[in-house]
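Examination of the molecular architecture
Here's the letter readout for the chains.
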2 protein chains.
Amino acid sequence: MQDNKAKGTDIATLGEFGLIKHLTKNIKLKHSSSNLGVGDDAAVIDYQNKKTVVTTDLLLEGIHFDLMYTPLKHLGYKAIAVNVSDVYAMNACPKQVTVSIAISKRFTLEAVEEIYAGIQLACENYEVDLVGGDTTSSLTGLCISVTAIGEADEKELTYRSGAKVNDLICVSGNLGAAYAGLQLLEREKRIYDNNPNMQPDLTGHDYILERQLKPKARKDIYERLKEANIVPTSMIDVSDGLSSDLMHICDKSVVGCQIYEEKIPVDFETHKMAEELNMNYSTFSLNGGEDYELLFTVPLDKFDAVEKIEDVKVIGHITEASKGNYLVTRDNVEIELQAQGWNPIKE
Amino acid sequence: MQDNKAKGTDIATLGEFGLIKHLTKNIKLKHSSSNLGVGDDAAVIDYQNKKTVVTTDLLLEGIHFDLMYTPLKHLGYKAIAVNVSDVYAMNACPKQVTVSIAISKRFTLEAVEEIYAGIQLACENYEVDLVGGDTTSSLTGLCISVTAIGEADEKELTYRSGAKVNDLICVSGNLGAAYAGLQLLEREKRIYDNNPNMQPDLTGHDYILERQLKPKARKDIYERLKEANIVPTSMIDVSDGLSSDLMHICDKSVVGCQIYEEKIPVDFETHKMAEELNMNYSTFSLNGGEDYELLFTVPLDKFDAVEKIEDVKVIGHITEASKGNYLVTRDNVEIELQAQGWNPIKE
């Protein structure tokens, strides 16, 4: 468990303008579409004849992350990854981000630099330019707001609303791992809270921990779909859980769905964690959020092409809206899907 | 003084998706450039052959606003106004906004609707489409993050960096009023804190209160400059205070400046408030932030044209960088400008 209050440089010594200058001095713009970055009233972007895609997310301490077990660098990385993931889910290419951060006085300059190091690493990995933002103080917790901006050709844009009856339902990677990681971290936190001398036992769980703490946006899947000349009929990223997110597609597309429990990809570590916690791993894969995998539909005749894409699985198909949204279990029982996604308002 | 904890509908009854649906159900997109609004992974925008301008601001309870005296509707309005103001300061036209809000449990549905009512009113006034956002819960205070997106022709974009020696320094409206309003509200809050039976005495101060609580972005000035065929050589909106913001222009343009105290426009109510508080009103107009007036420079030969624009004053001129940044007082004394802007990090 980490200590964010370690000795370091007091941010007040820099002031707001100084802090922004300090944090943004090494930013180099890479995209020709990034005409102007940090340092004016606004950034200037030029996608010429392409469409602009904009998405934003607000991450709050205590709601979306717990600093007790979230390394600051990972947090900065995750803040970018979850936003560019939304751009990929439009079948668009992220090009720019703006980042606003509110920090309380307990943060040192070094702590803020850690967050920014994660942000910059993610910007490099996803090839996006950091073009603007805001840095301010907070009376309470840490707060990070990211807006991601990307471009797409009109004919490539993929909405939640385009799924058609008989389309195949596909998902990248595997599901439930981020939630399994969260369960593990929460368990170890409870143990630590009860006895601070106990060291957390996280060995053998590297994969699910990384899925929770440093999720990946599926840039690779976006690229492979392009290479394979597949424009999905609909797409969403799995942030609330497979059930919730598939139901978003069905709702917007006015269709139903049938997915098969045995086809839902689940990692071995997720299985293991579910077993340790005496829970059903399908609960993790259906309702655990924050996987940031791409969930999409393609026409039936793309079956061969989509099967060839590494790390993509077909898990079911689209049905008439009147048929509803169903999971077929291993025992061949049909269960209606429930939107039990991770819901920070209901808690 | 208001009570945000009044009885009302518990937000948990709606859940996150329900709340977002409820709040966004009446949103109608007006701009042809708003291809897709709320309801997918991202919004889609198309400015065709124009440049895209993006700016973002994060507003936090206790730092940027005090709910003790800030009506929620005004707060929603202000959150939009301060962001579109940044777009105007680029000499660009705001077209879309995204709004993310984090709310604590003490807020009822009706309270959130009040914030959104202010947001929608501002969206109507500034003719911008609300195209996306995020609604989440907060363990502590209210937090609003807005991103404004606008368009401009390349040749009309106005940066902080374009001021030239001998350019005229112009400002719209008047300065220091928002800060005077803040001083008044803070004084009345202290009185109320000491004795809750005392009613706040805000009569006769309507103007400075409105400047603080419901600031205007200067859409009209942006439009008048366009009508007059004036493209400023540099522009910024006065959010940190005249001194700070003019110094941003001088810094980015590598020039100096000379402004004249007697030419800085100050409203009568600001004068009166400064007098009541035994303060120099020039402190308000030089260092008080949040006026959201436009501060810009134009070439000397635009003097006649700029003088004709209602509510714009010439307050000085740009000098060589080596001359520094100076205020000439009423007594003809030259005082070097200081960046004493409103600084939420230093506090």
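Basis of the calculations
Residues numbered from 1 in each chain as written. Chains lettered and ligands numbered in written order. Predicted model: local features only at pLDDT ≥ 70, side-chain atom pairs only at ≥ 80, totals over all residues. Heavy atoms only, no water. UniProt positions renumbered as here; feature names shortened; annotations may be inferred. Helix = DSSP H or I, 4+ residues; strand = E, 2+ residues; numbered from the N terminus. Expected span 1.5 Å × (residues − 1). Buried < 20%, exposed > 50% of the residue type's maximum accessible area, 1.4 Å probe, protein only. Contact = heavy atoms within 4.5 Å. Buried area = accessible area lost by both parts, 1.4 Å probe. Salt bridge = Lys/Arg side-chain N within 4 Å of Asp/Glu carboxyl O. Polar contact = N/O pair within 3.5 Å; in protein donor to acceptor, adjacent residues only side chain to side chain. Pairing = 2+ DSSP bridges. pLDDT = per-residue confidence, 0-100. 1 Å grid on protein atoms, 1.4 Å probe; cavity = no way out; pocket = protein on both sides within 12 Å on 5 of 7 lines; lining within 4 Å. Points joined across faces, edges and corners; volume = space filled by probe spheres on them. Nonpolar A, V, L, I, M, F, W, Y, C, P; charged D, E, K, R; others polar. Least-squares fit on C-alpha atoms with pLDDT ≥ 70 in both. Core = buried A, V, L, I, M, F, W, Y, C linked by side-chain atoms within 4.5 Å. Domains from an automatic or database assignment. Axes fitted to C-alpha atoms, helices over the stretch in contact; angles between N-to-C directions. Parallel < 35°, antiparallel > 145°, perpendicular 65-115°, else oblique. Left-handed = near helix turned anticlockwise from the far one by under 90°.

In the annotation of an unreviewed UniProt entry, the entry for chain A reads Thiamine-monophosphate kinase, and the organism field reads Ancylomarina longa. Quoted verbatim from the Catalytic activity (unreviewed entry) field of the UniProt record, the comment on chain A reads "thiamine phosphate + ATP = thiamine diphosphate + ADP". The record in UniProt for chain A states the following under Pathway (unreviewed entry): "Cofactor biosynthesis; thiamine diphosphate biosynthesis; thiamine diphosphate from thiamine phosphate: step 1/1."

**Some thoughts on helix α7 (residues 242–253) of chain A**
Residues and elements named next belong to chain A. Under the 1.5 Å per step criterion, the end-to-end length of α7 is 16 Å for 12 residues, consistent within 8% with the ideal 16 Å. Taken together, the buried positions of α7 are L242, S243, S244, D245, L246, H248, I249, C250 and S253. V254 sits one or two residues past α7 and shows a positive phi near 55°.

**Digging into the environment of V312 of chain A**
Residue and element names in this part refer to chain A. The residue V312 is located in strand β11 (residues 312–319) in this model. Between the C-alpha atom of V312 and that of V171, which follows or precedes it by 141 residues, the distance is 5.6 Å. With residues up to four places along the chain from it excluded, the contact list for V312 reads C170, V171, S172, I221, F296 and V306.

**Quick word on the interface of chain A and chain B**
Contact residues are listed per partner, giving 69 residues for chain A and 70 residues for chain B. Between chain A and chain B the total buried area reaches about 5,500 Å² when both faces are included, carbon and sulfur atoms providing 57% of it. K51 of chain A is paired through a salt bridge with D46 of chain B; the nearest N and O atoms lie 2.9 Å apart. At the junction of chain A and chain B, the tally comes to 22 residue pairs in polar contact (both at pLDDT 80 or more). Counting residues per element, the side of chain A that touches chain B draws most heavily on strand β3 (residues 51–60) of chain A, which supplies nine residues. Pairing between β3 of chain A and strand β2 (residues 43–45) of chain B: three bridges, direction antiparallel. When the bridges of β2 of chain B are listed, V54 of chain A appears paired with A43 of chain B.

**Looking at the confidence of the model for chain A**
For any part of a model where pLDDT is low, the fine detail of the predicted coordinates should not be relied upon. Residue and element names in this part refer to chain A. Scored by pLDDT, chain A comes out at a mean of 91, with 95% of its residues at no less than 70. Throughout residues 1–6 the model reports pLDDT below 50, and contacts reaching past four residues in sequence, or to other chains, amount to 16 contacts. This model gives residues 342–347 a pLDDT under 50, and the stretch forms 22 contacts once residues within four places in sequence are excluded.

**Points about empty space enclosed by the protein**
All told, the structure shown has three cavities of 30 Å³ or more when counted by the stated rule. By volume, the largest cavity amounts to about 40 Å³. Among the residues forming the lining of the largest cavity, the class breakdown is two nonpolar, four polar and four charged.

**Digging into the relation of the copies chain A and chain B**
Under the fitted operation, chain A is carried onto chain B by 0.0 Å of movement along the axis and a turn of 180°, and the coordinates agree to an RMSD of 0.0 Å. The symmetry that links the two subunits is that of a two-fold axis.

**Brief notes about unusual backbone geometry**
Residue and element names in this part refer to chain B. For E127, which is not glycine, the phi torsion reads 50° and is therefore positive. Mapped onto the fold, E127 is located in the loop between α3 (109–125) and β5 (129–137). You will see that E290, though not glycine, has its phi angle at about 65°, which is positive. Take E290: it is sitting in the loop between α9 (281–287) and β10 (294–298).

**Points about the nonpolar core**
Among the nonpolar cores identified, the biggest contains 58 residues, and I80, V97, L142, I144 and F296 of chain B are the most heavily contacted of them. With nine residues, helix α2 (residues 72–88) of chain B is the single largest residue contributor to this core. Two domains each donate at least three residues to this core, and these are domain 1 (11–155) and domain 2 (168–336) of chain B. If sequence neighbours within four positions are ignored, I80 of chain B has contacts with V97, V99, I119, A122, C123, V128 and V146 of chain B. A81, A111, V112 and V146 of chain A belong to the second largest nonpolar core, which has 44 residues in total.

**Topic: the packing of helix α4 (residues 177–194) of chain A against helix α8 (residues 268–276) of chain A**
Between two packed helices, the angle of one axis relative to the other and the distance separating the axes together describe the packing. Residues and elements named next belong to chain A. Running from N to C, α4 and α8 cross one another at 40°; their axes reach a closest spacing of 9 Å. Considered as vectors, α4 and α8 are oriented oblique to each other. Crossing geometry of α4 relative to α8 is assigned as left-handed. Where α4 approaches α8, its residues A177, A180, L184 and R187 are matched on the opposing element by T270, M273 and E276. For the contact of α4 with α8, the per-class residue count stands at four nonpolar, one polar and two charged.

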